[in-house]
Amino acid sequence: MKYRLILCVILLACIGAWLPMSPRPVQAAAPQANPAAEPFPGQSLCLPETDAPSASPCLALGPAQTLADLAKQGIQYPISPLPASKPGFELTNIPVMIARINMDKALPVDIYSSLDDAAAGKNPVRQIAAGVTRYVSYVQTQKINGKPFVQLHSGEWVRASPSSYPLFQGLTFRRTPTVLFGWMLDSIKPYVAPGFAQKQAGDTLAKWSVIQIAETAQADGMDWYRVGTDQWVPWLKARRLHINTTPPKDVTGDRWIEVNLFDQTLSVYDNRQLVFATLIASGGEPLYTRPGLFHVKDKHETYTMQGATNADRSDYYYLEDVPWTMFFDDARALHGAYWRAWFGYPGTHGCVNLSVGDSAWLFQWANVGDWVYVWDPSGKTPVDPSLYGPGGA
C-alpha cells in the first residue's frame, strides 16, 4: 500500500511536468472615473408625477422633464377634465312638434280645412307666403300616396315634413374653470403647427367636441389654438370661450348673460362664477346683433316669428312656436332655433340663436330683468344705434 501511494505521487508529478504552464491571470486595472461621461453619479431620476424633494434632489430628466416642458406650454398630462357637465338631456325636448315646408321657396304654400282637400290640392282657405325658411307646429301627421301632410293646431292641414333638430348642448359648471376651453365647429385633423401649410396629423377632432386650449398664436390672418402636443386648430374651425367673472361696466348685481359676437359664444355668470357656456348664432352682416347692455324684457315658452328685410321679401321666414324665447332688444331675442344645423357662425336676422336644449336651460335660469351684455372683442360690429332696426329671428 505504501509503495502504491509513492507510485501515484511520482506519476502525478510527471504529468504536471509534461503539461504546458497556464498563464497566470492578470488582474484588470480599476476603471478610471470620467466626470464628463457621468455628471450625476449616484443621483436618481425624479418620478414623473412628483417634484424633486428638497432634502435629496433627484434629476428632473426623462419623463419628468417632458411633463415639465408641457407644463410650460400650458399642457397638463394627463389632461384634467373641466369642472363641467352637459345639462340634462331632457332639455332637448320642446313642447311642440315641428314640420318643415319643403315646397318651392318662391311660391306660397296653401293651407286646407281638411286632409282630403289638402291631398287633392283644392279649396285652400289661406296661404303662407313664399320664403326661404318656413316651419309649422303640428299635432298629427298623415301620409297620402307617400306624401306627408300635417295637421296644425288650428285643425287645418298643409303639406309638410316632420323635422328633427340638432341635439347639441353646452356645458354647466360646478366652478369657474382655470383653463381656457372651447368647441370644435367641424371635424378636422389638427395641424402640427399654426398655419394651413403645415402638416395635419393625429386623430380627427369631432364636430362640437370640447377642447382645452393651452396657447394661442396668429397665422394666416386668424387665431390658432394649441389643443395638445403639436396639435393646433384654426379659429375658422374652433371657438374659444373668454372667461371674465368681473361684471361688465354698469352691470349691477352678480348675475348676467354675456354674448360674444366674435367668437359666437354665450356665457352665464351667477354670483360672479361661470355657470353655463355654449355656442350661438348671432346676426350676420348687415343684420347684426346690436352690441350693448340690455335686460331680459319678457319670456315666452313658444313664440311665432315671421318677417323679411329685403325689399322684395325674398328672405321671408315663417317660424311657428319658436321655443324658449326671451326678448332683450326690441325684436331681438335669445331663443331656441330648431331650424339651424350649425352654431358658432353668424347668420340670423339679429336674434341670438341657441340650440333647443341650451335655450331651455337659459330660459329656466334667467329672470325678467336680468342683464344681457352683448359685445364684439374684434370691434368689427357697428355700435351706432341708428344703424339698427327692430331685428328679427
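Along each chain, the written sequence defines residue order, and numbers are assigned to residues from 1. The predicted nature of this model means local features are confined to residues of pLDDT at least 70 and side-chain atom pairs, given and counted, to a pLDDT of 80 or more, with totals for whole chains, interfaces and linings taken over all residues. Where side-chain values are given, they derive from all heavy atoms of the structure, hydrogens and water being excluded.

Novice: Help me out: how do you make sense of the pairing of strand S17 (residues 265-270) in this one?
Specialist: Regular strands show a simple pattern: their side chains alternate between the two faces of the sheet. The rule is simple: take the accessible area with a 1.4 Å probe, protein chains only, and divide by the maximum for that residue type; under 20% is buried, over 50% is exposed, in between is partly exposed. Numbered from the N terminus, helices here are DSSP runs of H or I no shorter than four residues, and strands are runs of E no shorter than two. Across the six residues of S17, five count as buried, placing the element largely inside the fold. Summarising the sheet, strand S16 (residues 255-260) and S17 pair through six bridges and their orientation is antiparallel. Residue pairing across strands places Arg 255 opposite Asp 270, the latter belonging to S17. Two strands form a pair only when DSSP identifies at least two bridges running between them. Where S16 folds back on S17, the antiparallel hairpin that results is connected by four residues, among which Gln 264 adopts a positive phi of roughly 55°. Pairing analysis gives six bridges linking S17 to strand S18 (residues 273-279), with the strands arranged antiparallel. Its bridge partner lying in S18, Asp 270 is registered against Gln 273.

Novice: Whenever I open this one, the environment of Trp 232 confuses me. Can you help?
Specialist: As for its position among the elements, Trp 232 is in strand S14 (residues 231-234). Residues Trp 232 and Lys 189, 43 residues apart in the sequence, show an inter-C-alpha distance of 9.0 Å. Any pair of residues with heavy atoms lying within 4.5 Å of one another is described as a contacting pair. Each residue touching Trp 232, except ones within four places of it in the same chain, is listed here: Pro 190, Tyr 191, Val 192, Ala 193, Pro 194, Glu 215, Thr 216, Ala 217, Trp 224, Tyr 225 and Arg 226.

Novice: Just checking my understanding: could you explain the pattern of salt bridges for this structure?
Specialist: Side-chain pairing between opposite charges can occur once the charged atoms of the two side chains come close. Salt bridge criterion: a side-chain nitrogen from Lys or Arg within 4 Å of a carboxyl oxygen from Asp or Glu. Tallied over the full model, the rule gives nine salt bridges. The salt bridge involving Arg 255 is made with Asp 270; its shortest N-O contact spans 3.3 Å. You can see Arg 255 sitting in strand S16 and its partner Asp 270 sitting in strand S17, a full 15 residues away along the chain. Residue Asp 270 is classed as partly exposed on the basis of its relative accessible area, which comes to 25%. Taking the shortest distance from any N to any O, the salt bridge between Asp 329 and Arg 332 comes out at 2.8 Å. Comparing Asp 329 with Arg 332, the two get one shared label, buried. What emerges from the salt-bridge pattern is a single network uniting Arg 255, Asp 270 and Asp 370.

Novice: Honestly, the environment of Pro 390 in this entry has me stumped. Any pointers?
Specialist: Turning to its location among the elements, Pro 390 is positioned in the segment after strand S24 (371-375). For the pair formed by Pro 390 and Arg 332, sequence separation is 58 residues and the distance between their alpha carbons is 7.0 Å. The contacts of Pro 390, once residues within four sequence positions are left out, are Asp 329, Asp 330, Ala 331 and Arg 332.

Novice: Can you walk me through the pairing of strand S22 (residues 332-336) in this structure?
Specialist: The element S22 is largely enclosed, with a buried count of five among its five residues. Neither face of S22 is exposed, since Arg 332, Leu 334 and Gly 336 on one face and Ala 333 and His 335 on the opposite face are all buried. Relative to S22, strand S21 (residues 317-329) runs antiparallel, the two sharing three bridges. The partner of Phe 327 across the bridge, within S22, is Ala 333. Counted along the chain from S21 to the antiparallel partner S22, the turn is two residues long, and its residue Asp 330 has a positive phi close to 55°.

Novice: I tried to follow the sheet that holds strand S19 (residues 292-295) on my own but got confused; where do I start?
Specialist: Adjacent strands of a sheet form backbone hydrogen bonds with each other and so pair up, either parallel or antiparallel. Ordered in space as S1-S9-S18-S17-S16-S24-S19, the seven strands form an open sheet in which the pairing is mixed. Looking along the sheet, the strands with just one partner apiece sit at the ends: strand S1 (84-85) and S19. The pairing of strand S9 (residues 171-173) with S18 spans two bridges and is classified as antiparallel. Note on S18: the bridge partner recorded for Leu 171 is Ala 277.

Novice: Where do I start with unusual backbone geometry in this structure?
Specialist: As a rule of thumb, non-glycine residues mostly have phi less than zero, and peptide bonds are mostly trans rather than cis. That bond from Glu 285 to Pro 286 is cis: its omega, 0°, falls within 30 degrees of zero. By the secondary structure assignment, Pro 286 is in the loop between S18 and S19. Despite not being glycine, Asn 271 shows a phi value in the positive range, around 55°. Mapping Asn 271 onto the fold places it in the loop between S17 and S18. Using a relative accessible area of 54% as the deciding quantity, one classes Asn 271 as exposed.

Novice: Whenever I open this one, the packing of aromatic side chains confuses me. Can you help?
Specialist: Aromatic ring pairs are reported here in terms of the distance separating the ring centres and the angle at which the planes meet. For this analysis, a ring pair means two rings from Phe, Tyr or Trp (six-membered ring only for Trp) whose centres lie within 6.5 Å, classed as stacked if their planes differ by under 30 degrees, edge-to-face if by over 60, and tilted for the remaining angles. Under the counting rule described, the total for this entry stands at 17 aromatic pairs. Ring centres of Tyr 135 and Tyr 338 lie 5.4 Å apart, and the angle between their planes is 65°; this geometry places the pair in the edge-to-face category. Of this pair, Tyr 135 sits in strand S5 (residues 133-144) while Tyr 338 sits in the loop between S22 and strand S23 (352-354), placing them 203 residues apart in sequence. Among the residues examined, Tyr 135 registers a relative accessible area of 6% and is labelled buried. Owing to a relative accessible area of 2%, Tyr 338 belongs among the buried residues under this scheme. Each ring, one from Tyr 303 and one from Phe 327, has its centre 5.0 Å from the other, and the planes form 70°; the classification is edge-to-face. Pair noted here: Tyr 303 is in strand S20 (residues 298-307) and Phe 327 is in strand S21, with a separation of 24 residues, a long-range link. Taking relative accessible area as the criterion, Tyr 303 reaches 33% and is therefore assigned partly exposed. Members of the aromatic cluster, connected to one another through ring pairs, are Tyr 135, Tyr 338 and Trp 339. In this scheme, the term charge over a ring applies when either NZ of a lysine or CZ of an arginine sits within 6 Å of the ring centre and within 35 degrees of the ring normal. Positioned above the aromatic ring of Tyr 345, the side-chain terminus of Arg 239 is 5.4 Å from the ring centre. When the ring centre of Trp 365 is taken as reference, the NZ or CZ atom of Arg 255 above it lies at 3.9 Å.

Novice: Just to check I follow, could you spell out the confidence of the model for the protein for this structure?
Specialist: Any region with low pLDDT has predicted coordinates that should not be read closely. Per-residue confidence for the protein gives a mean pLDDT of 88, with 82% of residues at or over 70. Confidence drops under pLDDT 50 across residues 5-23; counting only partners more than four residues distant or on other chains, this segment forms zero contacts. One number per residue, pLDDT, summarises how confident the predictor is, and it ranges from 0 to 100. Contacts of residues 51-55 to residues separated by more than four positions or lying in other chains number three contacts, the stretch itself having pLDDT below 50.

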